[in-house]
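# Examining the three-dimensional arrangement
Listed below, chain by chain, are the residues.
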Amino acid sequence: MIVNNIIAGNGDVNNSTVGGVSLYSLAANNVFEFNTVAANAAAGTNSDGVDCTSPLVARNNIIVGSAGGTHVRGNCNYVNTLFGPDNGVAGTGNMTVSDLATFMFAADFHIGAGSVAAGKADSTGLAEATLVDIDGDARTPNGSTVDVGADEIP
Ligand SMILES: [Ca+2]
């Protein structure tokens with residue numbers, strides 16, 4: 001179970017085959033949820049965010065990287081996940097943003113009031129480990145549901 005992590009600042013544009021995290025040898029009951037993967041880098045068309053093999057359903061994450069970058073690779077099923085800048089991935093509830101500054105603080109990768117990441121999670125059947133965020137803040141609905149990524153507002 002990988003939840004409530006900020007995975008940031010890994011890899012480089014010259015050598016890395018993946019920027020943020022590689023998820024392999026997965027089982028259907030494995031969990032990659034409520035993570036913020038940001039500001040990682042990878043060479044060429046490698047993914048700056050996440051490499052992942054099926055059968056994982058990865059939901060409620062923020063995966064953002066470099067402009068023009070490939071953010072994910074592999075065949076996991078991403079849902080209720082925010083991608084950017086641009087180059088989003090098809091999936092139920094997924095979002096794509098162009099300007100990262102509109103939803104996340106670059107200094108600590110937290111989100112603020114009015115962020116497009118607020119209230120966009122799929123909160124069906126959440127595991128106990130996800131009931132608080134990376135700060136220990138309770139995940140309480142902003143609107144109809146809780147926030148995607150590692151940080152719940154505030
Ligand atoms: Ca928080």
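Quick caveat, the model's predicted, so the values are computed rather than measured.

### Examining the overall build of the chain
The helix and strand tally for the chain stands at zero helices and 12 strands. In the chain, the succession of α and β elements from N to C terminus is β-β-β-β-β-β-β-β-β-β-β-β. In terms of overall size, the chain behaves like a compact globule, its C-alpha atoms giving a radius of gyration of 14 Å where 154 residues would be expected to give roughly 15 Å. Viewed in the frame of its principal axes, the chain has a C-alpha envelope of about 40 × 35 × 25 Å. Each of the 154 residues in the chain was classed as buried or not, and the buried ones make up 41%. For the chain, restricting intrachain contacts to residue pairs at least 6 apart in sequence, the fraction spanning at least 24 positions comes to 52%.

### Observations concerning the pairing of strand β6 (residues 47–52)
Across the six residues of β6, five count as buried, placing the element largely inside the fold. Relative to β6, strand β3 (residues 21–23) is paired through three bridges, and the arrangement is parallel. If you follow Ser-22 over to β6, its bridge partner there is Asp-51. Taken together, the four bridges between β6 and strand β9 (residues 70–74) define a ladder with parallel strand orientation. Residue pairing across strands places Cys-52 opposite Gly-74, the latter belonging to β9.

### Let's talk about the sheet that holds β3
The strand order across the open sheet formed by three strands is β3-β6-β9, and the pairing between neighbours is parallel. Strands with a single pairing partner mark the edges of an open sheet, and in this sheet they are β3 and β9. Here the average twist between neighbouring strands, direction ignored, is 20°.

### Topic: the nonpolar core
Val-37, Ile-62, Ile-63 and Ala-117 are the most contacted members of the largest nonpolar core, which totals 28 residues. Those elements that place two or more of their residues in this core are β5 (36–38), β6, β8 (62–64) and β11 (82–84). In this structure, Ile-63 is in contact with Val-37, Gly-49, Val-50, His-71, Val-72, Thr-81 and Phe-83, ignoring residues within four places of it in sequence.

Rules behind the numbers
Residues numbered from 1 in each chain as written. Predicted model: local features only at pLDDT ≥ 70, side-chain atom pairs only at ≥ 80, totals over all residues. Helix = DSSP H or I, 4+ residues; strand = E, 2+ residues; numbered from the N terminus. Rg over C-alpha atoms; globule rule 2.2 N^0.38 Å. Buried ≥ 20, exposed ≤ 12 C-beta atoms within 10 Å, placed from the backbone. Contact = placed C-beta atoms within 7 Å. Pairing = 2+ DSSP bridges. Axes fitted to C-alpha atoms, helices over the stretch in contact; angles between N-to-C directions. Core = buried A, V, L, I, M, F, W, Y, C linked by C-beta atoms within 7 Å.

Function-wise, these values are silent; they only describe arrangement.
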